[in-house]
Amino acid sequence: MGRDKHVSKSLGSNLNARIKQARVLMVGAGGIGCELLKNLVLSGFGEIHIVDLDTIDLSNLNRQFLFRTEHIKKSKALVAKESAGRFNPNVKIEAYHDNIKDPKFNVAWFKTFEIVFNALDNLEARRHVNKMCLAADVPLVESGTTGFNGQVQVIQKGKSQCYDCTPKDAPKSFPVCTIRSTPSQPIHCIVWAKSYLFTEIFGTSEDDAPELDHSEDSENAKEIENLRNEAQALKRIRESMGSEDFPKLVFDKVFKEDIERLRSMEDMWKMRKPPVALDYQDLVQKVGAVHKNIAQQDQREWSVVENFAVFLDSLQRLSNRMEESRANADTGNSPPILTFDKDDVDTLDFVAASANLRSIVFDIGVRSKFDIKQMAGNIIPAIATTNAMTASICVLQAFKVMRNELNKAKMVFLAPNGTERRLTTEALSPPNPTCPVCSVAQSTLLVDANRATLNDLVESVLRLRLGYGEEFSINSEAGLLYDPEEDTNLQKTFTDLGLKNDTSITIIDDADEDAKVNLVLHISEQSLDAEAKPIDLAQNPDIPLKPKAASPTATNDDAQPVVSNGLTNGVTNDATSGLKRTADQAGLEDELIKKKGKVVAKPDDDVVLVDDANDGIILIDD
């Protein structure tokens, strides 16, 4: 009996044969990815390619069943290939420990796949894969889970909504200067204690930490440089760990010296109350009256002296752990480090006390240790059963795509219903005609990058060949390259502008009437004949006109907007208006999401961290 006999009976010989010949791509090898890869292998998909940049962490092992303790710190993609390959030796698996945004994974590469599966945990990568699949005209099965909730969506160019057809909530992020210099909410102080102070003393320096982005093009560049100097001072203090003076050095540095430096910037405090530094000796004299088990009283807010007592005690506990690690571990040239864990009493006590002391300095309300634990580590748990069900639905939807029965594919939602689970489905919606991603026209631009100038593109291709008028703009990933008021780049070559092979540019028609939809040109560098034009189109794209905006209509008696054709009259579509942007605005959505984790905004200062791959992070944006 062949191993695929029952699969063939279940799926039918035609679909089974197609599956065995299929070449598919799976992006992400985490919670959903492990389950999905197992399903693909056992279903007999002939060739599976896996891309994942992440490495295996201890926290992954409770649900990512392809990994074991001996795999910690190894590549998820490579280990997943090795583990899943044992399930079915007839399946060819290729693994890449790489970022899916690497230029080598270009449109031509995506075109080699019959179907793509997204098993990712962040918005940035999802949007990228969505764009690549649209450009390559390859079906995409998008999926995601959050706790008990799951979702699966089939995306087919021109036939169903893409990932960006509906707006996604922007994650909550905090400017560096707010976190470090002008906090106004408890969450700002918690982020500072967790992502800055703790990591500088016991972990990895902020210059190496993925949670913190210190872009030099920020208007805060001067302040960021000051903060780097502070970090260097903390590194020197860190070297005194274990000495009698260590607690005082740390305390005075962050709660006195840094605060006095900030207070000296008088202009900063014209419109807000200035911070007040804390005195170490004054608090030391009072700390003896604090109950020794105060840290266990996690449901109430501690006083300044109680926070100081917990700060000293937790600092001593963590210092002892570091000293023990240094003495017992063979770390070579790498010093031992500690990482924050909301379930680690020592690290939580330190972050809670440090955050509250900073809140007191800036006259911000303190929070209980219990509240801080939720805010600093409120990770919506990744649940193995949810991942397994979602991965199964992905494969079932893929079967419909491979049968050419897209009309039978559904948007599937997995959500709890009281004490029971419930699956709900919706028919796939047609593409949003105003979507800035899937409503665009696309073509390949053949470019001799060293000879072709932006003016060649404007005059020879856009105006002469494609019939654009005067009002249009050209945008790259770096920002605005050209519009009628910005023509300084016209004589620059594609090389000068950093427009390399496998990058793309977007043409936005701003004509008042009969404006074309956005045109995305994928750049393919070619060595064109010296006598030939340095720039050409692989083929003339079909560029339809933008849909006309709905005419204003009367409102009802309650003056509520009237909804017509699914659009609310009078509301500007931010997705389309946001495409034309300056270099400083470019990539704003990319800066909001880092590789690991997603921050879901909640009212006030509650922050929920969603993370399937590793421990949660709070995004800090410049």
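Residues numbered from 1 in each chain as written. Predicted model: local features only at pLDDT ≥ 70, side-chain atom pairs only at ≥ 80, totals over all residues. Heavy atoms only, no water.

An unreviewed UniProt entry annotates the protein as Ubiquitin-activating enzyme E1-like of Pseudopithomyces chartarum. Recorded under Sequence similarities (unreviewed entry), the UniProt text for the protein is reproduced unchanged: "Belongs to the ubiquitin-activating E1 family." UniProt, in the comment section headed Subunit (unreviewed entry), describes the protein in these words: "Heterodimer." (UniProt positions renumbered as here; feature names shortened; annotations may be inferred.)

Draft legend 1. Up close: the packing of aromatic side chains. The full count for this structure, using the stated rule, is 21 aromatic pairs. Between W109 and F113 the ring centres are 4.8 Å apart and the planes differ by 80°, which places this aromatic pair in the edge-to-face class. Take W109 and F113: they sit in the same class, and that class is buried. Between Y280 and F308, the aromatic rings sit 5.5 Å apart at their centres with planes inclined by 80°, giving edge-to-face as the arrangement. You can see Y280 sitting in helix α11 (residues 280-286) and its partner F308 sitting in helix α12 (residues 304-328), a full 28 residues away along the chain. Exposure class is identical for Y280 and F308. Each is buried. The rings of W192, Y196, F198, F202, F251, F255, Y280, F308, F311, F340 and F350 are connected pair by pair, giving a single aromatic cluster. The side chain of R23 reaches across the aromatic face of F113, ending 4.6 Å from its centre. Geometry around Y468 places K516 over its ring, the cationic atom sitting 4.8 Å from the centre. (Phe/Tyr/Trp six-rings, centres within 6.5 Å; stacked < 30°, edge-to-face > 60°. Buried < 20%, exposed > 50% of the residue type's maximum accessible area, 1.4 Å probe, protein only. Helix = DSSP H or I, 4+ residues; strand = E, 2+ residues; numbered from the N terminus. Lys NZ or Arg CZ within 6 Å of the ring centre and 35° of its normal.)

Draft legend 2. Up close: the pattern of salt bridges. Under the defined criterion, the tally for this structure stands at 27 salt bridges. For the salt bridge of K253 with D258, the shortest nitrogen-to-oxygen distance reads 2.5 Å. When sorted by exposure, K253 lands in the same class as D258, which is buried. Ionic pairing is found between D363 and K273, a salt bridge with its closest N-O pair at 3.0 Å. Of this pair, D363 sits in the loop between α13 (345-361) and α14 (369-377) while K273 sits in the loop between α10 (246-263) and α11; the two residues are 90 residues apart in sequence, bridging distant segments of the chain. Each member of the pair, D363 together with K273, is exposed. Several salt bridges share partner residues, and in doing so they unite D313, R317, R321, D344, D346, D349 and K369 into one network. (Salt bridge = Lys/Arg side-chain N within 4 Å of Asp/Glu carboxyl O.)

Draft legend 3. Fine view of the pairing of strand β4 (residues 115-118). A two-sided burial pattern is seen for β4, the buried positions comprising I115 and F117 on one face and V116 and N118 on the other. Note that strand β1 (residues 23-27) and β4 share four bridges and pair parallel. Directly across from V27, in β4, lies its bridge partner N118. Where β4 and strand β5 (residues 140-146) come together, three bridges link them in parallel fashion. If you follow N118 over to β5, its bridge partner there is E142. You can see the chain leave β4, run along helix α6 (residues 123-136) and come back into β5, and the turn it takes is right-handed. (Pairing = 2+ DSSP bridges. Right-handed = clockwise from strand over helix to strand, strands pointing away.)

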